[in-house]
Amino acid sequence: RPWTVLYLAVLAMAVVAFTYPLIWLVSASLKPKSQVFDNRLVPEQVQWSNFAEVWAAGPVLRWLLNSVTVSLMAAITVTLSSALVAFGFAYFRFRLRGPLFALVLSTMMLPGAVTMIPVYLIWNQLGMVNTQVPLWAQNLFGSAFYIFLIRQFFLGVPRELFEAARIDGCSHLGLFWRIALPLCRPALIIVFVFELQASWSDLMKPLIYLQDEQYFTMPRGLKQIVDAFALSGEYHWEIAMAATLIATIPMIVVFAFAQRYILDGLATSAKQG
């Protein structure tokens, strides 16, 4: 059928458009310095030593472990805190609930650059600069977008379930932990994966708060490697590409394992909408 052929053609072009940058990155990470930007997807000469030179350029393993720690802490804290706030807006009936929720959503309109300096001054007063705490502790207060997303899932849970549990003596915290969270697992997984990716690739916060190399995350470490090339006057882009590939692979693995839950969550959200 013509429409089927057209659909498959468009799908094939989309696949190529989305996978080409990754294929190019893999190819560039295996090339010698003189061939990095020749746009050939199959290297003429494979140079595996690029990856060995990455480990020699800095404490990459420590940076990776720091990124894992910071990303997990950021994802866990924002998922739980946002879910707790979202449950409060979805379940409880109280005055000014609508205006308060609108106020929470309005914070999404505030650019991060506006609060950057005041937030830094707060962490500086607390003595937390040059530690990894500011990279994830802000998530203890939730995220407006995630609160909105999870609240929509909570609103889809029949209120009768909560009322029956209350009659059986379940506390409000029990309603949240035993009923709301298990029924909204797809939304929680979406929030967790999205925040994990955002924290893993974040460069701005590490640039602002981290000074010692031992606390660097992978993006901050990559910048140090590139800056070292600039100071020496000789850019080794093959090493930078190899380091970038090392930093990219973990997120590819995470999305590969979590894609089923992400699709389930998006499908559930669409049905509720």
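This write-up is about the structure you can find in this document. (Residues numbered from 1 in each chain as written. Predicted model: local features only at pLDDT ≥ 70, side-chain atom pairs only at ≥ 80, totals over all residues. Heavy atoms only, no water.)

Before going further, it helps to spend a moment on the side chain of Gln132. Take Gln132: it is sitting in the loop between helix H5 (112-125) and helix H6 (133-136). At 3.2 Å, the side chain of Gln132 and the backbone oxygen of Tyr215 are in polar contact. Beyond its immediate chain neighbours, meaning those up to four positions away, Gln132 contacts Asn66, Val70, Leu210 and Tyr215. (Helix = DSSP H or I, 4+ residues; strand = E, 2+ residues; numbered from the N terminus. Polar contact = N/O pair within 3.5 Å; in protein donor to acceptor, adjacent residues only side chain to side chain. Contact = heavy atoms within 4.5 Å.)

The full count for this structure, using the stated rule, is 16 aromatic pairs. A centroid spacing of 6.2 Å and a plane angle of 80 degrees characterise the contact between Phe87 and Phe92, whose relative ring orientation is edge-to-face. Overall, Phe87 belongs to the buried group, its relative accessible area being 4%. You can call Phe92 partly exposed: its relative accessible area is 29%. One aromatic cluster is present, formed by Phe87, Tyr91, Phe92, Phe154, Phe162 and Phe176 through successive ring pairs. Over the aromatic face of Phe101 sits the side chain of Arg151, whose NZ or CZ is 4.1 Å from the ring centroid. (Phe/Tyr/Trp six-rings, centres within 6.5 Å; stacked < 30°, edge-to-face > 60°. Buried < 20%, exposed > 50% of the residue type's maximum accessible area, 1.4 Å probe, protein only. Lys NZ or Arg CZ within 6 Å of the ring centre and 35° of its normal.)

A separate point is unusual backbone geometry. For Asn39, which is not glycine, the phi torsion reads 65 degrees and is therefore positive. Checked against the element boundaries, Asn39 lands in the loop between helix H1 (2-29) and helix H2 (49-57).

This part is about the nonpolar core. One finds Phe51, Val54, Val60, Trp63, Leu64, Met218 and Met241 to be the most contacted residues of the largest nonpolar core, which totals 35 residues. Those elements giving two or more residues to this core turn out to be H1, H2, helix H3 (60-91), H6, helix H10 (185-200), helix H12 (218-232) and helix H13 (237-272). Among the elements that make up this core, the one with the highest residue count is H13 (8 residues). When near neighbours in sequence (up to four residues on either side) are disregarded, Trp63 contacts Gly58, Glu213, Phe216, Thr217, Met218, Gly221, Leu222, Gln224 and Ile225. Core analysis: the next-biggest nonpolar cluster, separate from the first, contains 28 residues, Phe89, Tyr91, Ile147 and Cys184 among them. (Core = buried A, V, L, I, M, F, W, Y, C linked by side-chain atoms within 4.5 Å.)

Another point: the environment of Ile252. Inspection of the secondary structure puts Ile252 in helix H13. Judged by relative accessible area, which is 40%, Ile252 ranks as partly exposed. Residues Ile252 and Ala57, spaced 195 residues apart in sequence, show a C-alpha to C-alpha distance of 24 Å.

Across all of its chains, the model carries 4 salt bridges by this definition. In this structure, the salt-bridge partner of Asp38 is Lys31, at a minimum N-O distance of 2.5 Å. Under the relative-accessibility criterion, Asp38 is labelled partly exposed at 29%. (Salt bridge = Lys/Arg side-chain N within 4 Å of Asp/Glu carboxyl O.)

Between the first and last C-alpha of helix H7 (residues 144-155) there are 16 Å, a value that for 12 residues agrees with the 16 Å anticipated at 1.5 Å per step. All of the buried residues in H7 are Ala144, Tyr146, Ile147, Leu149, Ile150, Arg151, Phe153 and Phe154. (Expected span 1.5 Å × (residues − 1).)

Looking now at a nonpolar patch on the surface. Together, Val16, Tyr20, Ile23, Leu41 and Val42 make up a nonpolar patch on the protein surface, roughly 460 Å² of accessible area in all. You can see Val16 is positioned in helix H1. Given a relative accessible area of 52%, Val16 falls into the exposed group. (Patch = residues over 30% accessible without salt bridge, like charges linked within 9 Å, V, L, I, M, F, W, Y side chains within 5 Å. Areas by Shrake-Rupley, 256 points an atom, 1.4 Å probe, with all protein chains shown as cover.)

This paragraph deals with the packing of H3 against H10. At a minimum axis distance of 8 Å, the contact between H3 and H10 shows a crossing angle of 140 degrees. Helix-helix and strand crossings are classified by hand; for H3 and H10 the assignment is right-handed. For the pair H3 and H10, the contacting residues are Leu64, Ser67, Val68, Val70, Ser71, Leu72, Ala74, Ala75, Ile76, Val78, Thr79 and Ala83 in the first and Leu188, Val191, Phe192, Glu195, Leu196, Ser199 and Trp200 in the second. The class makeup of the residues in the contact of H3 with H10 is 14 nonpolar, 4 polar and 1 charged. (Axes fitted to C-alpha atoms, helices over the stretch in contact; angles between N-to-C directions. Left-handed = near helix turned anticlockwise from the far one by under 90°. Nonpolar A, V, L, I, M, F, W, Y, C, P; charged D, E, K, R; others polar.)

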